[in-house]
Amino acid sequence: MRRVKSNFEIETWIPKLKSLLGNSVSLKNGSTLKVMDLSVFSGLNETMMIFVEYCENLTELNLCFLTKYRSMVRDQWWHNLNLQNISYLVNNLTTSIQKISFCSLKCVNDEHIKILVNRCNKITELDLNYTNITNMSAYYIIEALGENLTRLDVSNTKIDSTKLLELKSMPKLELVK
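Described in the following lines is the structure provided in the data block. (Residues numbered from 1 in each chain as written. Predicted model: local features only at pLDDT ≥ 70, side-chain atom pairs only at ≥ 80, totals over all residues. Heavy atoms only, no water.)

1. A short note on the state of the cysteines
Let me state the cut-off plainly: Any pair of cysteine sulfurs within 2.5 Å is marked as a disulfide. Comment: elements are numbered from the N terminus, with helices defined as DSSP H or I runs of at least four residues and strands as E runs of at least two. Each residue gets one of three labels from its accessible area relative to the maximum for its type: buried under 20%, exposed over 50%, partly exposed in between, using a 1.4 Å probe on protein chains only.
For the coordinates displayed, the defined rule picks out one disulfide. One disulfide bridge connects Cys64 with Cys103, the sulfur atoms lying 2.4 Å from each other. One end of the pair, Cys64, is in the loop between β2 (60-62) and α4 (83-92); the other, Cys103, is in the loop between β3 (99-101) and α5 (110-119), with 39 residues separating them in the sequence. Side by side, Cys64 and Cys103 carry an identical accessibility label, which is buried.

2. What about α5?
Definition in use: To be clear, the arc concerns the directions from the helix axis to the C-beta atoms. Contacts: residue pairs with any heavy atoms within 4.5 Å of one another.
Buried within α5 are the following residues: Asp110, His112, Ile113, Leu116 and Val117. An end-on view of α5 places all buried positions within 150° of arc, on one side of the element. On its buried face, α5 is in contact with α4, β3, β4 (125-127) and α6 (135-145).

3. A word on the nonpolar core
Test applied: In these notes, a set of buried Ala, Val, Leu, Ile, Met, Phe, Trp, Tyr and Cys residues joined through side-chain atoms within 4.5 Å is what counts as a nonpolar core.
If you look at the biggest cluster of nonpolar residues, it comprises 35 residues, and the most contacted ones within it are Phe102, Leu116, Ile123, Leu126, Ile141 and Leu149. Of all the elements in the fold, those that place two or more residues in this core are α4, α5 and α6. The element best represented in this core is α6, accounting for five residues. In this view, Ile123 contacts Ile97, Gln98, Ile100, Leu116, Leu145, Asn148 and Leu149; residues no more than four positions away in its chain are not counted.

4. Side note on the packing of aromatic side chains
Cut-off, in case you're wondering: Any Phe, Tyr or Trp ring, taking Trp's six-membered ring, that has another such ring centre within 6.5 Å forms a pair; planes under 30 degrees apart are called stacked, those over 60 apart edge-to-face, and the others tilted.
The tally for this structure, following the rule as stated, stands at one aromatic pair. Ring plane angle 65° and centroid distance 5.9 Å describe the contact between Tyr139 and Tyr140, whose orientation is recorded as edge-to-face. For Tyr139, a relative accessible area of 39% corresponds to the partly exposed category. Among the residues examined, Tyr140 registers a relative accessible area of 15% and is labelled buried.

In structure tokens, the structure reads:
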């Protein structure tokens, strides 16, 4: 996937976004948007990734796939997210992001977390519940977010109890699951 550079390129995506999100989408909305909740959003793909990239003032992003909706789509992922989409997102998301949820997105892995936390070191809340992360992600989180992170959910991941204790020792961390 390529990075969109010009307003013209972004404007060509607006009709696709309007069909996905309704008529409220505009280039101006994207540049001023602070919170984006895309949980259980059907059809999340490259088009939405470009919109997320353009949201330079975004501080909160929720991509959580809520388990209760899984039965609605007969155990198929509600999001059309894959490794490439997540890679694109972590490499292009605004560095001003403070809260992000990847909960229940099994395609999220250690490499994604490494890139995310090194680029976006202002993150205060991170939800990685039911992702495919390991102790390596815990290491990246401690190194990059040690001074800022206040809430972290790594439940139902491959992080072991020893690494969990290390995470809990982070100075500002109030909640670790």
